[in-house]
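The residues making up each chain are set out below.
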Amino acid sequence: MPKTRVDVERFYKLLAEATPIPKGELEFINTFTLLVAVVLSAQATDVSVNKATEPLFKIADTPAKILALGEEGLSRYIKSIGLYRTKAKNVIALSRQLIEKHGGEVPPDREALEALPGVGRKTANVVLNTAFGEPTIAVDTHIFRLGNRTGIAPGKTPREVEDKLVKVTPAHYARHAHHWLILHGRYVCKARRPECWRCPIAEVCRFKGKEIGGIEPPPAKKTVRPSSSRARAKARRSRTPGA
Ligand code: SF4
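Please read these numbers as outputs of a predicted model, since none were measured by experiment. Counting of residues starts from 1 at the beginning of each chain's written sequence and follows it residue by residue. At least 70 in pLDDT is required for a residue's local features to be given in this predicted model, at least 80 for side-chain atom pairs to be given and counted, and no such filter applies to totals for whole chains, interfaces and linings, which use all residues.

Novice: Tell me what's going on with the overall build of the chain, and back it up with residues and numbers.
Specialist: Only DSSP runs of H or I reaching four residues or more are called helices, and only runs of E reaching two or more are called strands; each is numbered from the N terminus. When helices and strands are counted, the chain shows eleven helices and zero strands. Whether two residues are in contact depends on their C-beta atoms, placed from the backbone: they are in contact if these lie within 7 Å. Within the chain, contacts between residues separated by at least 24 positions form 57% of all contacts whose residues are at least 6 apart in sequence.

Printed below as a string of structure tokens:
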């Protein structure tokens with residue numbers, strides 16, 4: 001196991017205590033719909049994907065049903081998601097490939113997954129971890145930032161961070177590591193202002209700015225209330241559009 005300056009066992013123990021069973025936020029009903037949801041989520045929020053896939057998966061939850069919709073039919077369901085035309089093409093093509101090469105099932109191995117249209121390493125990692133329980137870690141923007149900021153897995157590229165994370169993560173935490181990290185990066189260790197004052201792993205994090213960058217809650221914004229009724233009326237007028 002490579003040396004890291006972070007107490008990795010404690011790092012995960014604290015995350016696990018805060019969220020014993022972390023859950024990803026993409027909605028799906030089987031392994032195939034998980035794969036489709038992850039493909040659709042590239043450069044889009046989970047919320048926007050869930051909104052589009054809720055009615056879609058009700059009528060099409062298998063490769064054959066998606067294929068029957070056709071590219072135009074599928075596009076109608078997912079047009080609120082960015083890059084939907086390319087994604088529709090990919091989802092139709094991957095459905096066809098699953099039927100032709102894998103008996104309509106999602107294959108449980110990386111090579112076969114990455115050979116599917118629109119499926120890269122990150123998507124394969126999510127499917128392998130979430131559907132097949134593999135100890136993979138898909139490094140997105142949140143995990144990339146967290147790996148570097150905390151010092152647990154510094155790296156210049158997502159692949160470098162992924163490889164380090166896989167190496168340093170103790171086996172007994174590997175199953176949930178991906179979701180602990182992604183949720184922590186998304187909701188606590190945010191890009192612009194990490195919320196160190198409520199961070200469960202602050203004691204092991206190596207981020208230098210944690211003492212000055214938010215170990216305390218930011219001061220509440222004060223609203224200065226005009227003292228006289230004339231001043232209050234003036235302030236109201238200045239807030240009225242066109243006033
Ligand atoms: S202490 Fe701050 S920088 Fe470190 S992981 Fe927590 S939120 Fe992120």
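Novice: Describe the nonpolar core, with residues and values.
Specialist: What makes a nonpolar core is a set of buried Ala, Val, Leu, Ile, Met, Phe, Trp, Tyr and Cys residues, with links drawn between C-beta atoms within 7 Å. With C-beta atoms placed from the backbone, a residue is labelled by how many other C-beta atoms lie within 10 Å of its own: buried for 20 or more, exposed for 12 or fewer, partly exposed between the two. Grouped together as the largest cluster of nonpolar side chains are 55 residues, with contacts concentrated most on Leu 35, Val 91, Val 127 and Ile 143. The element contributing the most residues to this core is helix α2 (residues 31-40), with eight residues.

Novice: Describe helix α8 (residues 141-150), and please don't skip the residues or the numbers.
Specialist: Every buried residue belonging to α8 is among Ile 143, Phe 144, Leu 146, Gly 147 and Thr 150, and all of these are buried. Down the axis of α8, the smallest arc covering the buried residues is 165°, so these residues share one side. On its buried face, α8 sits against α9 (158-168) and α10 (174-187). Backbone geometry just downstream of α8 places Gly 151 in the positive-phi region, at approximately 90°. As used here, the arc belongs to the directions running from the helix axis to the C-beta atoms.

Novice: Explain the site of the ligand to me, using residue names and the numbers behind them.
Specialist: A residue counts as near a molecule or strand when its C-beta atom, positioned from the backbone, falls within 6 Å of it. Near the ligand there are 13 residues, and of these Cys 189, Cys 196, Cys 199, Cys 205 and Phe 207 occur at the shortest range. Under this grouping Gly is polar, as are all residues other than the nonpolar Ala, Val, Leu, Ile, Met, Phe, Trp, Tyr, Cys and Pro and the charged Asp, Glu, Lys and Arg. In terms of residue class, the shell around the ligand is built from nine nonpolar, one polar and three charged.

Novice: Lay out the environment of Ala 191 with the relevant residues and their values.
Specialist: Along the chain, Ala 191 falls in the loop between α10 and α11 (229-239). When the 11 C-beta atoms within 10 Å are taken as the criterion, Ala 191 is described as exposed. Taking the C-alpha atoms as reference points, Ala 191 and Thr 141, separated by 50 residues in sequence, lie 9.1 Å from one another.

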